[in-house]
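# Reading the structure
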Amino acid sequence: DAKTTQPTSMDCAEGRAANLPCNHSTISGNEYVYWYRQIHSQGPQYIIHGLKNNETNEMASLIITEDRKSSTLILPHATLRDTAVYYCIVRVWLFGVDSNYQLIWGAGTKLIIKP
Amino acid sequence: DVKVTQSSRYLVKRTGEKVFLECVQDMDHENMFWYRQDPGLGLRLIYFSYDVKMKEKGDIPEGYSVSREKKERFSLILESASTNQTSMYLCASRNRGGSYEQYFGPGTRLTVT
């Protein structure tokens, strides 16, 4: 079962910050939050991940609440090319399998950037 | 750039046929994955492999099998295709250590009639 819930769809104006929320209220202490996005007709693309501290890279920022029950992905200056489905994912360890884990995917948020 | 390729973008098969989906990665990654993607359900893990000839069941392995004879190649097999296996199939790979980023192929849209 999915461990995350996200809005089905969101709009954002081009040039504005896009804030995508995600709830993961049953997340365990050692489970990471990942974000991927999928542009139409392509495979998913990694964006960012974090455990409890906020993270930033060249694509986005990830804000995780102190209780870790929710997070927000921020695209600081959205462009039309950011139109995609954004997946919030929990990474769980596969016990007994060395250095391996499984990504538990939610249904995703369809983000539409409008000119 | 990491490249994951899948043998077909679109495939149409008949019920009962044996179907092979091939995935090849060029980055010497140890781990490879097969997912299916259905509307409203996100991605669901079918099988994964963490080494040559090794395989582990994911969440929905029923009706599927896999083969990993070479490190760069991971095949998904539908022994007897059924209409409920009509879906988008995505292959991914990653390095065992370091970054936990998975690299995905473009997907194969399989239709079983």
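Residues numbered from 1 in each chain as written. Chains lettered and ligands numbered in written order. Predicted model: local features only at pLDDT ≥ 70, side-chain atom pairs only at ≥ 80, totals over all residues. Heavy atoms only, no water.

What follows covers the sheet that holds strand β1 (residues 4–6) of chain B. All names here are of chain B. The strand order across the open sheet formed by 4 strands is β1-β3-β8-β7, and the pairing between neighbours is antiparallel. Every other strand in the sheet has two partners, leaving β1 and β7 (64–70) as the edge strands with one partner each. Here the average twist between neighbouring strands, direction ignored, is 20°. Sheet topology places β7 next to strand β8 (residues 73–78); 5 bridges connect them, and they run antiparallel. The residue of β8 that forms the bridge with Ser65 is Ile77. (Pairing = 2+ DSSP bridges. Helix = DSSP H or I, 4+ residues; strand = E, 2+ residues; numbered from the N terminus. Axes fitted to C-alpha atoms, helices over the stretch in contact; angles between N-to-C directions.)

Looking now at the pattern of salt bridges. Side chains that differ in sign of charge can pair as their charged atoms come close. Residue and element names in this part refer to chain A. Throughout the structure, instances matching the rule amount to 9 salt bridges over all chains. Two residues, Lys114 and Asp11, come together in a salt bridge whose shortest N-O distance is 3.1 Å. Of this pair, Lys114 sits in strand β10 (residues 109–114) while Asp11 is found in strand β1 (residues 9–13), placing the two residues 103 residues apart along the sequence. The partner of Asp82 in a salt bridge is Arg37, with the nearest N and O atoms 2.8 Å apart. Linking Asp82 in the loop between β7 (70–75) and β8 (84–93) with Arg37 in strand β3 (residues 32–38), this pair joins segments that are 45 residues apart in sequence. You'll find Asp82 and Arg37 in the same group, each marked buried. (Salt bridge = Lys/Arg side-chain N within 4 Å of Asp/Glu carboxyl O. Buried < 20%, exposed > 50% of the residue type's maximum accessible area, 1.4 Å probe, protein only.)

Below, the discussion takes up the state of the cysteines. Applying the stated rule across the entire model yields 2 disulfides over all chains. The disulfide partner of Cys22 of chain A is Cys88 of chain A, and the gap between their sulfur atoms is 2.0 Å. Between Cys22 of chain A and Cys88 of chain A the sulfur-sulfur dihedral comes to about -85°; the bridge is accordingly left-handed. With Cys22 of chain A in strand β2 (residues 18–23) and Cys88 of chain A in strand β8, the pair connects residues that are 66 residues apart, well separated along the chain. With a relative accessible area of 2%, Cys22 of chain A lands in the buried category. Linked covalently through their sulfurs, Cys23 of chain B and Cys91 of chain B form a disulfide whose S-S length is 1.8 Å. Between Cys23 of chain B and Cys91 of chain B, the disulfide has an S-S torsion of -75° and is therefore left-handed. Of this pair, Cys23 of chain B sits in strand β3 (residues 19–25) while Cys91 of chain B sits in strand β9 (residues 87–94); the two residues are 68 residues apart in sequence, bridging distant segments of the chain. The same class applies to Cys23 of chain B and to Cys91 of chain B, which are both buried. With no disulfide of its own, Cys12 of chain A has Cys22 of chain A as its nearest cysteine by sulfur position, at a separation of 18 Å. (Disulfide = S-S within 2.5 Å.)

This paragraph deals with the interface of chain A and chain B. On the chain B side, the residues contacting the 23 residues of chain A number 23 residues. For the pair chain A and chain B, the summed buried area comes to about 1,800 Å², and 53% of that belongs to carbon and sulfur atoms. Here chain A is connected to chain B by 0 salt bridges. Seen at the junction of chain A and chain B, the total is 5 residue pairs in polar contact (both at pLDDT 80 or more). Breaking the side of chain A that touches chain B down by element, the ones donating at least two residues are β3, β8 and β9 (101–105) of chain A. If you tally residues by element for the side of chain A that touches chain B, the top one is β9 of chain A, at 5 residues. For the side of chain A that touches chain B, the class distribution of residues is 13 nonpolar, 8 polar and 2 charged. (Contact = heavy atoms within 4.5 Å. Buried area = accessible area lost by both parts, 1.4 Å probe. Polar contact = N/O pair within 3.5 Å; in protein donor to acceptor, adjacent residues only side chain to side chain. Nonpolar A, V, L, I, M, F, W, Y, C, P; charged D, E, K, R; others polar.)

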